[in-house]
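Summary of the model geometry
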Amino acid sequence: MEYNRTAGCHVAAMPFPGRGHINPMVNFSKLLASRRPEILVTDEWLGFLRSEGLPPNVRFRSIPNVIPSELDRGADYLGFLDAVWIKMAEPFESLLARLEPPVTAIVSDTLLFWAVDVGNRRNIPVASFWSSPAAAFSAFLHFDLLVQHRHSPVNSSESADERIDYIPGISSIRLADLPACIYWNQPFLPMMLEAISWLYKAQYLLLATIHELESQVVDVLKSKFSFPIHTVGPLIPYFNLGDNSMLTNQNDLNYLEWLDLQPPASVLYISMGSYVPISTTQMDEMAAGLHGSGVRWLWVAREGTRRLKDACGEMGMVVPWCDQLRVLSHRSMGGFWSHCGWGSAMEGLFAGVPFLTSPISAEQALNSKLIVEDWKNGVGMGNLVRRDEIAGMVKRFMDGEGEGEDGKEMRRRAGKLQKLGQAAITKGESSDANLNAFVGDIFKC
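Attention here is on the structure that accompanies the text. (Residues numbered from 1 in each chain as written. Predicted model: local features only at pLDDT ≥ 70, side-chain atom pairs only at ≥ 80, totals over all residues. Heavy atoms only, no water.)

With that out of the way, let us pick up the pairing of strand E2 (residues 10-14). With respect to burial, E2 is a largely interior element, five of its five residues being buried. Residues of E2 alternate between two faces, with His 10, Ala 12 and Met 14 on one and Val 11 and Ala 13 on the opposite face, all of them buried. (Buried < 20%, exposed > 50% of the residue type's maximum accessible area, 1.4 Å probe, protein only. Helix = DSSP H or I, 4+ residues; strand = E, 2+ residues; numbered from the N terminus.)

Printed below as a string of structure tokens:
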């Protein structure tokens, strides 16, 4: 992506090629565009994002397809990461050299460490963009502490429930709730650590979180680096909520009209993300559990929508896609059964709905820990696989009984966190002020 100010400042932004990274970068770009109306935006995911609603002063550009397709990257994720870290740098730098006027600043996903190298060699300042919680960043930054305490590699699943409290800024946490590549000692962990190490050569760090939400860990990070660190979240499309022109097809109208007919706080929204597939067996158990719970539901599932609808019964809808933040903000929403991707966590928080958490991969177990233990606006589903367990837990959750704590208190917490998230983006408050400070700095170039 690229931002351009016709007066001479030209900022190029490069997201990691994954939906959970591109979405916050696109939303950040839109916010940046709203402060400087001459900004342009480009993205190597041009084909996927052609329908993305953008301001008239924003555009996408692309580099060649030198990495495996997004549609099947999960089949060889290590190979995909190798391609991202080895093959993308050259076409990025080639595009950078062709952009006019000359690029004077770079915003790059932290995982694309080669962008920092490109910026340093070309004497262009780089803002590293971290799209996950600040807590996950601290876990990687302080990985050496895990080694010192002999907690890496984790020896066996028997250590999963062991708790540690020595990672700066992170409250007591189970080893199993650390980012997956740390807990499982996955082969690409060294690459992740190398990406983090390059941050010391950047000039800014942008965090897709809210300062008040992770103030302790953000303050720790600020003490570690000499350059500015800005919390600019939540980087979700809240600016589209009042724009009905974004509803472009009959599917949008169908599920929204159905939600309009449901009682307040009565619908459970279910989404398990768009990357890691869930087994057919587990999906069938989830569907049977929903049917047995008797609650109303709206389920986003990319595949098998008809089969799931038949299994779940007549109390809800299965759709292949929806405007998630618009759905979560609907008056009929009573809860969010989520895989706990960071974008989903921020959207649920912003909408003020409580969570049922079922983390799958990446840093999602850590996000679930933040929701359940720290923010207390959700309940962990654990490793539930049986339909009767799912039915009982879903019913108790939607009935307001909670799980391990009073349901009314959990919903009160969800409302309080909603106010926190919405306050951060108001004029002069933390995220708004941080974004303005960053814009002020980069447009001095």
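What follows continues from the structure just given.
Read across the open sheet, the six strands follow the order E11-E10-E9-E12-E13-E14; overall the sheet is parallel. Bordering the open sheet on either side are strand E11 (316-319) and strand E14 (378-380), each of which pairs with just one other strand. Across the sheet, the mean angle separating the axes of adjacent strands is 15° when strand polarity is ignored. As defined by bridge partners, strand E10 (residues 296-300) adjoins E11 across four bridges and the pair is classed as parallel. The residue of E11 that forms the bridge with Val 300 is Val 319. Strands strand E12 (333-338) and strand E13 (355-357) of the sheet are contacted by helix H14 (residues 342-351), whose axis makes an angle of about 160° with E13. (Pairing = 2+ DSSP bridges. Axes fitted to C-alpha atoms, helices over the stretch in contact; angles between N-to-C directions. Contact = heavy atoms within 4.5 Å.)

Let us now look at the pattern of salt bridges. Following the criterion strictly, the structure yields 13 salt bridges and no others. For the salt bridge of Asp 177 with Arg 174, the shortest nitrogen-to-oxygen distance reads 3.0 Å. In this structure Asp 177 comes out as buried when scored by relative accessible area, which is 8%. Taken together, the shared-partner salt bridges in this structure form one network comprising Glu 93, Asp 117, Arg 121 and Arg 122. (Salt bridge = Lys/Arg side-chain N within 4 Å of Asp/Glu carboxyl O.)

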